[in-house]
Amino acid sequence: MAQTLGLERLDAQLLLLHALGKPGHDRAWLLAHDADELPDAVAQQFRQLSLRRAAGEPLAYIVGRKEFFGLELQVDARVLIPRPDTETLVEWSLEVLQQPAMPPTTPTLQVLDLGTGSGAIALAICHRLQRSHPNAQVLAVDASANALAVASANAARLQLPVQFLESHWLQRVSGHFHLIVSNPPYIANLDPHLAALKHEPLQALTAGSDGLDDIRQIVAQAPTHLHAGGWLLLEHGYDQAAAVCTLLHQRGFAQVQSRPDLAGIARCSGGQWQGRPGT
Ligand SMILES: C[S@@+](CC[C@H](N)C(=O)[O-])C[C@H]1O[C@@H](n2cnc3c(N)ncnc32)[C@H](O)[C@@H]1O
């Protein structure tokens, strides 16, 4: 039936495992039980799931989970599905946090994730810092109370001590950070690619006529909340690296640079704040 609907084999296998109540890594079980007859209830459930997938609903929303940086996150239509490319931003974040040059302004590392969605970036960083910096403080912000509900449930399930705050970017944030990291909305309002993303929240995707409205706000606001020597790292669109680097230069960031994603496209840009906070 999944084949008739045109589903990819892997998707069909993952949906069948979900209908059977088995984890996604149990594909070997399917092979070993290839000839088993499905109970009616499971067959019925599998059919429903397959129809949803055939109608274009992302697999992660249907099964309710997505792996990110080795963590299993629960996701639903309230949050963007974390993308593998965003792992580049986490890797870069961990790199700057481990730099010996990171200013020892306070004994604890302070990290801020803006637009946390499912909590992916904040939770991945917090998880990795647990061994090297067990006192690190990670704050995750989102303007969407719905997204924060998903993110805080993920933190509780994974037992990671991330703090959450509902705020329009840095509006309600106080204090200073060694790293501000963000994967903000960056798609232009009329971008034709939006049609393929219709199941994900629009608030997580679009940012004005050129897709840079949110990045402009974050670049403008971040220095007030960065320790001297702290970093701002941003994910952006495949064609926005030059524009984001210009914004960072204009705001007075030093060491402005970009990093490629898994496909080799400059997909994150960032810079170091060397001035005093609040300047
Ligand atoms: C592209 S999603 C990123 C989600 C997550 N960080 C990730 O990488 O998977 C952007 C997130 O920014 C949030 N957001 C949009 N506008 C915001 C604002 N003005 N202030 C704070 N968060 C905002 C959205 O709700 C959404 O969760």
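If you're wondering where the values come from, they're calculated on a predicted model, not measured in any experiment. (Residues numbered from 1 in each chain as written. Predicted model: local features only at pLDDT ≥ 70, side-chain atom pairs only at ≥ 80, totals over all residues. Heavy atoms only, no water.)

### Observations concerning the overall build of the chain
Rules: Under the scheme used here, helices are H or I runs from DSSP no shorter than 4 residues and strands are E runs no shorter than 2 residues, and both carry numbers assigned from the N terminus. In this treatment the radius of gyration is a C-alpha quantity, and the globule benchmark scales as 2.2 Å times the residue count to the 0.38 power. The cut-offs for exposure are 20% and 50% of the maximum accessible area for each residue type, with area from a 1.4 Å probe on protein chains only; residues under the lower value are buried, those over the upper are exposed, and the others partly exposed. Here the accessible surface of atoms and residues is derived via Shrake-Rupley with a 1.4 Å probe, and residues count as covered only by protein chains that are part of the display. In this charge count, Lys and Arg are treated as positive and Asp and Glu as negative; neither His nor the chain ends contribute. One atom stands in for each charge, and that atom is NZ of Lys, CZ of Arg, CG of Asp or CD of Glu.
For the chain, the count of helices and strands is 9 helices and 9 strands. In terms of overall size, the chain behaves like a compact globule, its C-alpha atoms giving a radius of gyration of 20 Å where 279 residues would be expected to give roughly 19 Å. Its C-alpha atoms give the chain principal-axis dimensions of roughly 70 × 45 × 35 Å. Across the 279 residues that make up the chain, the buried fraction comes to 49%. When the accessible surface of the chain is totalled, it reaches about 13,500 Å², and 51% of it is carbon and sulfur. In the chain, which carries 20 positive and 26 negative side-chain charges, the distance between the mean positions of the two groups comes to 3 Å.

### Some remarks on the site of the ligand
Here is the rule: Proximity criterion: a residue is near a molecule or strand once any of its heavy atoms comes within 4 Å of it. In the analysis that follows, any N or O atom pair within 3.5 Å is treated as a polar contact, provided that within protein one partner can donate a hydrogen and the other can accept it, and provided that, for residues neighboring in sequence, both atoms belong to side chains. When residues are grouped by polarity, Ala, Val, Leu, Ile, Met, Phe, Trp, Tyr, Cys and Pro land in nonpolar, Asp, Glu, Lys and Arg in charged, and all others, Gly among them, in polar.
Not every one of the 18 residues close to the ligand is listed here, only the nearest: G115, D142, W169, N183 and A204. The separation between a nitrogen atom of the ligand and a polar main-chain atom of S167 is 3.4 Å. Contact distances for the ligand include 2.9 Å between a nitrogen atom and a backbone N or O atom of W169. Protein contact buries 95% of the 600 Å² of open area that the ligand shows by itself. Its residues placed into classes, the shell around the ligand shows 8 nonpolar, 9 polar and 1 charged.

### Points about the domain arrangement of the chain
Size of an interface: often given as the accessible area lost when the parts come together. Where we set the bar: The split of the chain into domains comes from an automatic or database domain assignment.
For the chain, the domain assignment lists domain 1 (9-56) and domain 2 (66-273). Distance between the C-alpha centres of domain 1 and domain 2: 35 Å.

### Here we look at the pairing of strand β7 (residues 226-235)
The following threshold applies: Paired strands, as defined in this entry, are two strands with at least two bridges between them according to DSSP. Here, the term right-handed applies to a crossover whose path from the first strand over the helix to the second runs clockwise when the strands point away from the viewer.
Within β7, 9 of the 10 residues are buried, which leaves the element mostly enclosed by the surrounding structure. Across 5 bridges, strand β6 (residues 177-182) lies against β7 in parallel orientation. Of the residues in β7, the one forming a bridge with L179 is W231. In this region the chain leaves β6, passes through helix α8 (residues 213-221) and returns to the parallel neighbour β7; the handedness of that crossover is right-handed.

### Section: the sheet that holds strand β9 (residues 266-273)
Put simply, the rule reads: Lines fitted to the C-alpha atoms define the axes, with helices restricted to the stretch that makes contact. Angles between their N-to-C directions range from 0 to 180 degrees. We call two residues in contact whenever any of their non-hydrogen atoms come within 4.5 Å of each other.
Read across the open sheet, the 7 strands follow the order β5-β4-β3-β6-β7-β9-β8; overall the sheet is mixed. At either margin of the open sheet sits one strand with a lone partner, and together these are β5 (163-166) and β8 (254-260). Averaged over all pairs of adjacent strands, the angle between strand axes in this sheet comes to 15 degrees, irrespective of strand direction. For strand β3 (residues 110-114) and strand β4 (residues 137-142), the ladder comprises 5 bridges, and the chain directions are parallel. The residue of β4 that forms the bridge with L114 is V141. Across the sheet, helix α9 (residues 241-251) touches β7, β8 and β9, and the angle it forms with β9 is around 5 degrees.

### Structural notes on the pattern of salt bridges
Under the convention used in this document: Think of a salt bridge as a Lys or Arg side-chain nitrogen and an Asp or Glu carboxyl oxygen that are within 4 Å of each other.
Under the definition given, this model contains 9 salt bridges. Taking the shortest distance from any N to any O, the salt bridge between D76 and R78 comes out at 2.7 Å. Here R216 ties to D210 by a salt bridge, and the two come within 2.3 Å at their closest N and O atoms. Given a relative accessible area of 33%, D210 falls into the partly exposed group. Bridged by salt links that share partners, the residues D210, D213 and R216 form one connected network.

### Describing the layout of surface pockets
The criterion, for reference: The method works on a 1 Å grid over the protein atoms by themselves. A cavity is a set of points holding a 1.4 Å probe that cannot get out, a pocket is an open set with protein on both sides within 12 Å along at least five of seven lines, and residues with an atom within 4 Å of a point line them. Grid points are joined across faces, edges and corners, and a volume is the space filled by probe spheres set on the points.
Taken as a whole, the second largest pocket holds about 530 Å³ of empty space. In terms of lining, the second largest pocket is formed by 20 residues, of which the most central are Q13, L16, L30, D34 and F46. Elements with a minimum of two residues in the lining of the second largest pocket: α1 (9-19) and α2 (27-32). Broken down by element, the residue count for the lining of the second largest pocket peaks at 4 residues, all from α1.

### Notes on the packing of aromatic side chains
Defined as follows: Only the six-membered ring of Trp is used, alongside the rings of Phe and Tyr, when aromatic pairs are assigned; centres must lie within 6.5 Å, and planes under 30 degrees apart are stacked while those over 60 apart are edge-to-face, with the rest tilted.
In the structure shown here, the tally under the stated rule is 2 aromatic pairs. Relative to F69, the ring of F68 lies with its centre 6.4 Å away and its plane at 40 degrees, an arrangement referred to as tilted. The same class applies to F68 and to F69, which are both buried. Judged by centre distance (5.2 Å) and plane angle (65 degrees), the rings of F253 and W273 are edge-to-face. Placement of the pair is F253 in the loop between α9 and β8 and W273 in strand β9, with a sequence separation of 20 residues. Taken as a pair, F253 and W273 share a single burial class, namely buried.

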